[in-house]
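Topology and contacts: notes
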Amino acid sequence: MNYKKSFASDNNSGVHPEILKAIEAANVGHTFAYGNDKYTSKAKELLEAYFGNNIDVYFMFNGTGANVLALKTLTRSWQSILCSEYAHIYEDECGAPEKNTGSKLIPLKTEQGKFGIQQIAQHLTWLNDEHRVQPRVVSITQSTEFATVYTVDEIKAICDFCHANNLLVHMDGARIANAAVSLGVSFKEFTRDLGVDVVSFGGTKNGMMMGEAVIFFNPELSAEAKYYRKQNMQLNSKMRFVSAQFIAYLENDLWKRNATQANQMAQLLYQKVKDIPGIQVLNQVQSNGIFAIIPKEITPALQQEYFFYVFNEHYNVVRWMCSFDTTEEDVLNFAAAIRKHIGA
Ligand SMILES: Cc1ncc(COP(=O)(O)O)c(C=O)c1O
């Protein structure tokens, strides 16, 4: 298989050179472990510059761990978590949220990967009934697993409805940078300002080697988080090497440059493939991915040239993801390969 460049996942790309440089620069002498170091303080300060003061930040190794920490901190085992039917927490975390929280995850129907208050409201029944799990958290993914983006108004409506109904809002922001670039607003304007309670803030998919942060906007909610992080084996002893990545990522707008590139390349790919006969693009391309039905018979040969995943085998829906290092040339060559295999 050719691993040169693929359209499989933004996890398949490498590490941005500025991130690698920052890791190397942090590799001097000894410092205190477990986050009591100057890099971690600085990374937290930078997150405060983006999100405002009085936030509680927990640096993590990976996105599943970040989601689990956020959800574990917000729920009790008799409470439920409402999320999209395609949510990473529901489909792709091997039951880690259920195992660690003990809570039931309830999938909501979506359109373009998004749900709204109607879907949430349907589950606000049997409240205070001891036979039923009690809804407590709504988790939205931004950008979504379908590479679409919730608008500011959509998030506000969800937050207002949730808070009026004693529900908390978690945002899985594994691709939050792609969403910010797509919306053209600051991180704070589509999270904290709207009432989101906790964000899993991703970095790995957008050029970091490994690193996510859980950010609580209400410190009362996060009183137990430090214990759960350790219990869930996500307390990094050499935390400076995650924190140093966040400094490089946040300080010089690397997050924005990388996400802009990935989103623009997905847009270019969309423009190049949307009119090819036999290709049906299913999603509104609002971030860095395309979901399309393509002729089944061309899939294996095309995958040999440019690896990507089949998202739905029955309908042969494929997922093409762009990364921070996807170039215009990569996209044009890929689009030409699609044309060649289809015979268009
Ligand atoms: C929407 C979403 N959330 C979270 C994650 C984090 O996963 P991981 O534990 O692999 O870092 C992913 C990874 O693909 C994702 O797509």
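Located above this text is the structure these notes cover.
The sections below set out a description of the structure shown in this document. All of these numbers come straight from a predicted model, not from anything done at the bench. (Residues numbered from 1 in each chain as written. Predicted model: local features only at pLDDT ≥ 70, side-chain atom pairs only at ≥ 80, totals over all residues.)

1. Details of the pairing of strand β1 (residues 56-60)
- Within β1, four of the five residues are buried, which leaves the element mostly enclosed by the surrounding structure.
- By the bridge criterion, five bridges tie β1 to strand β7 (residues 212-216) in an arrangement that is antiparallel. Of the residues in β7, the one forming a bridge with Tyr 58 is Val 214. (Buried ≥ 20, exposed ≤ 12 C-beta atoms within 10 Å, placed from the backbone. Helix = DSSP H or I, 4+ residues; strand = E, 2+ residues; numbered from the N terminus. Pairing = 2+ DSSP bridges.)

2. Describing the site of the ligand
- Near the ligand the following residues occur: Asn 11, Asn 62, Gly 63, Thr 64, His 88, Thr 141, Glu 145, Asp 172, Ala 174 and Thr 204.
- When its residues are assigned to classes, the shell around the ligand shows one nonpolar, seven polar and two charged. (Near = placed C-beta within 6 Å. Nonpolar A, V, L, I, M, F, W, Y, C, P; charged D, E, K, R; others polar.)

3. Considerations on the sheet that holds strand β4 (residues 134-141)
- Read from one edge of the open sheet, seven strands run β1-β7-β6-β5-β4-β2-β3, paired in mixed fashion. Here the strands that pair on one side only, and so sit at the sheet edges, are β1 and β3 (104-108). The mean inter-strand angle of the sheet, taken between neighbouring strand axes irrespective of direction, is 20 degrees.
- Bridge count between strand β5 (residues 168-173) and strand β6 (residues 198-202): four bridges; the pairing is parallel. Within the sheet, the bridge partner assigned to His 170 lies in β6 and is Val 198. (Axes fitted to C-alpha atoms, helices over the stretch in contact; angles between N-to-C directions.)

4. Let's talk about helix α11 (residues 254-273)
- With 20 residues, α11 should reach 28 Å at 1.5 Å per residue; the first-to-last C-alpha distance of 29 Å fits that figure.
- Taken residue by residue, α11 has Leu 254, Trp 255, Asn 258, Ala 259, Gln 261, Ala 262, Asn 263, Met 265, Ala 266, Leu 269 and Val 273 as its buried positions. (Expected span 1.5 Å × (residues − 1).)

The values are spatial; any link to function lies outside them.
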